[in-house]
Amino acid sequence: MRKTAAALALSVAVAGCVQTRQYADVQFTPPQGDYKLLVMRPDVTVGSLTTGGMVEPRADWTEQARTNIMAAMRAQQANRGGTIKIVEHRNELPGVSEDTIADLERLHWAVGQSIALHKYAGAYLPTKRNKGIDYTLGEQAVELGRKTGFDYALFMHAEDSVASTGRVALQVLGVAGCFVGFCAPNIGGQSQFAYASLVDLRTGEVVWFNVVQAGSQVAGIKFGDMRTPQGATQLVDRLLGRMKPGRDVRAAAVEKR
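Scoring rules and cut-offs
Residues take numbers from 1 onward in each chain, read along the sequence in its written order. Local features are withheld for residues below a pLDDT of 70 in this predicted model, meaning they are given only at 70 or higher, and side-chain atom pairs are given and counted only at 80 or more; totals for whole chains, interfaces and linings count all residues. Side-chain calculation: all heavy atoms of the structure are included, whereas hydrogens and water are not. Helix and strand definitions follow DSSP, with helices as H or I runs of at least four residues and strands as E runs of at least two, each counted in order from the N terminus. In this description, contact between two residues means that some pair of their heavy atoms is separated by no more than 4.5 Å. Computed with the Shrake-Rupley method and a 1.4 Å probe, the accessible areas treat only the protein chains shown as cover for residues. Note on aromatic pairs: the rings of Phe, Tyr and Trp (six-membered ring only in Trp) are paired at centre separations within 6.5 Å, and the planes decide the class, stacked below 30 degrees, edge-to-face beyond 60, tilted for the rest. The rule is short: NZ of Lys or CZ of Arg within 6 Å of the ring centre and within 35 degrees of the ring normal puts a charge over the ring. The set of buried Ala, Val, Leu, Ile, Met, Phe, Trp, Tyr and Cys residues whose side-chain atoms join them within 4.5 Å is what this entry labels a nonpolar core. Residue exposure (1.4 Å probe, protein chains only): buried if accessible area is under 20% of the type maximum, exposed if over 50%, otherwise partly exposed. Given the number of residues in a helix, its expected span is that number minus one, multiplied by 1.5 Å. A score between 0 and 100, pLDDT records how confident the predictor is in each residue. Angles here are taken between N-to-C directions and fall from 0 to 180 degrees, while the axes themselves are lines fitted to C-alpha atoms, restricted in helices to the stretch in contact. Put simply, angles under 35 degrees are roughly parallel, angles over 145 are roughly antiparallel, angles from 65 to 115 are roughly perpendicular, and the rest are oblique. Handedness of each helix crossing follows the sense of rotation of the near helix against the far helix: counterclockwise by less than a right angle gives left-handed, clockwise gives right-handed. The salt bridge definition used is simple: a Lys or Arg side-chain nitrogen within 4 Å of an Asp or Glu carboxyl oxygen. Side-chain atoms alone can form a polar contact between residues adjacent in sequence; in general such a contact is a pair of N or O atoms within 3.5 Å, and within protein one must be able to donate a hydrogen while the other accepts it. Only Asp, Glu, Lys and Arg are considered charged, only Ala, Val, Leu, Ile, Met, Phe, Trp, Tyr, Cys and Pro nonpolar, and every remaining residue, Gly among them, polar.

Participant: Describe the overall build of the protein, and please don't skip the residues or the numbers.
Facilitator: If you tally the helices and strands in the protein, you get 7 helices and 9 strands. In the protein, the share of contacts with a sequence separation of at least 24, taken over all contacts with a separation of at least 6, comes to 78%. As displayed, the protein has an accessible area near 13,200 Å², and 55% of this comes from carbon and sulfur atoms.

Right, here's the structure in full:
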């Protein structure tokens with residue numbers, strides 16, 4: 001019994017997974033050469049996963065994570081070529097009002113949530129099958145491109161929950177119970193959800209999208225804590241490390257071989 005309990009506890013301790021999957025316009029080619037890219041201020045939320053399973057947002061953790069993510073994005077994009085502008089505040093773009101940026105951020109959030117739901121969560125839309133990715137931010141994005149002269153805008157959304165001390169303690173008690181013959185129900189641990197999208201400011205179309213989902217059934221196991229520079233870099237690399245071309249572009253490349 002003790003050997004079985006120990007094996008079960010060990011299997012629980014390593015439970016968890018990280019998943020990522022990209023979608024792109026079928027004709028998408030990753031930006032290269034003399035392109036101009038706006039990296040928008042990332043939408044970030046970090047909270048504490050309480051003993052009862054609720055997530056309580058933490059403003060200090062959120063700001064720390066956003067600062068780290070922006071630094072990681074700046075370092076990564078600096079090696080990509082092109083002209084890059086990191087938008088840290090909504091009033092940084094000449095000729096573009098803060099309200100315009102705020103409206104575009106909210107629009108992107110709504111579109112991004114829809115893409116994540118219909119492309120990744122199983123709620124598929126029949127009208128969008130076999131189209132790669134078929135979403136747009138519309139005229140607002142095109143107008144941003146006209147006013148700034150930039151070709152693309154890169155958006156990012158990230159949510160993270162960090163298990164509280166009480167949550168970890170409850171998990172430990174549950175695992176410890178396995179050694180005396182009673183395993184408490186698994187209560188779950190950290191979860192992380194993030195996505196990034198590239199918008200063509202000449203058309204308003206979302207031309208590339210990637211999601212990262214990470215989750216653990218054990219409180220205390222982390223998959224890259226965004227509050228640390230290392231964790232933020234890991235998340236940015238997972239999301240933006242390699243943009244894959246669209247389906248038709250990949251197929252054409254195979255035919256040329």
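Participant: Go over the packing of aromatic side chains, please, and point to the residues and values.
Facilitator: Considering all chains together, one arrives at 2 aromatic pairs under this definition. Members of the aromatic cluster, each reached through a chain of ring pairs, are Phe193, Tyr195 and Phe209. It is Arg58 that lies over the ring of Trp61; its NZ or CZ is 4.0 Å from the centre.

Participant: Provide a residue-level description of the nonpolar core, including the pertinent values.
Facilitator: Counting residues in each nonpolar core, the largest one holds 32 residues, and the members touching the most others are Ile69, Leu198 and Leu235. In terms of residue count, helix 2 (residues 59-77) provides more of this core than any other element does, 6 residues in total. Excluding anything up to four places from it in sequence, Leu235 contacts Ile69, Met156, Ala158, Gln192, Ala194, Val212 and Met226. Counting 26 residues, the second largest nonpolar core, distinct from the first, contains Phe150, Tyr195, Val206 and Val211.

Participant: Please give an account of helix 2 that cites residues and values.
Facilitator: Between its first and last C-alpha atoms helix 2 spans 27 Å; for 19 residues at 1.5 Å apiece the expected length is 27 Å, and the two agree. Listed in full, the buried residues belonging to helix 2 are Trp61, Thr62, Ala65, Arg66, Asn68, Ile69, Met70, Ala72, Met73, Gln76 and Gln77.

Participant: Break down the confidence of the model for the protein for me, with residues and values.
Facilitator: Of the residues in the protein, 72% have a pLDDT of 70 or more, and the chain-wide mean is 79. This model gives residues 1-15 a pLDDT under 50, and the stretch forms 18 contacts once residues within four places in sequence are excluded. Throughout residues 164-187 the model reports pLDDT below 50, and contacts reaching past four residues in sequence, or to other chains, amount to 42 contacts.

Participant: Provide a residue-level description of the packing of helix 3 (residues 98-120) against helix 4 (residues 138-148), including the pertinent values.
Facilitator: Closest axis-to-axis distance for the helix 3/helix 4 pair is 10 Å, and the angle between their directions is 135°. When the axes of helix 3 and helix 4 are compared, the pair comes out oblique. Crossing geometry of helix 3 relative to helix 4 is assigned as left-handed. Contact residues: helix 3 offers Ile101, Asp103, Leu104 and Leu107, while helix 4 offers Gln140, Ala141 and Leu144.

Participant: Would you mind going over the environment of Cys17 in detail, with residue names and values included?
Facilitator: By secondary structure assignment, the location of Cys17 is in strand 1 (residues 17-24). The spatial distance from the C-alpha of Cys17 to the C-alpha of Gln213 is 8.2 Å, given a sequence separation of 196 residues.

Participant: Break down the environment of Val211 for me, with residues and values.
Facilitator: Mapped onto the secondary structure, Val211 falls in strand 9 (residues 205-215). Residues contacting Val211, with those up to four places away along its chain left out, are Gln19, Thr20, Arg21, Tyr120, Phe193, Ala194, Tyr195 and Leu239.

Participant: An account of the pattern of salt bridges is needed here, citing residue identities and associated values.
Facilitator: Under the defined criterion, the tally for this structure stands at 11 salt bridges. Through salt bridges with shared partners, one network takes in Glu139, Glu143 and Arg146.

Participant: Could you give an account of the side chain of Thr62, naming the residues involved and the relevant values?
Facilitator: If you trace the backbone, Thr62 turns up in helix 2. In this structure Thr62 comes out as buried when scored by relative accessible area, which is 11%. At 3.0 Å, the side chain of Thr62 forms a polar contact with the backbone nitrogen of Val46. When residues no more than four places from it in sequence are discounted, the contact partners of Thr62 are Val44, Thr45 and Val46.

Participant: Quick one: what's the story with helix 3, residue by residue and with numbers?
Facilitator: For helix 3, with 23 residues, the first-to-last C-alpha span of 32 Å sits near the 33 Å given by 1.5 Å per residue. Restricting attention to buried positions, one finds in helix 3 the residues Ile101, Ala102, Leu104, Glu105, His108, Val111, Gly112, Ile115, Ala116, His118 and Lys119.

Participant: Tell me about the packing of helix 2 against helix 6 (residues 229-240), and name the residues and values.
Facilitator: Where helix 2 contacts helix 6, the two axes come as close as 8 Å, and the packing angle between them is 50°. One finds that helix 2 runs oblique with respect to helix 6. At the point where helix 2 passes helix 6, the crossing takes the right-handed sense. In this structure, helix 2 contributes Asn68, Ile69, Ala72, Met73, Gln76 and Gln77 to the contact, and helix 6 contributes Pro229, Ala232, Thr233, Leu235, Val236, Asp237 and Leu240. Class assignment for the residues of the contact of helix 2 with helix 6 results in 8 nonpolar, 4 polar and 1 charged.

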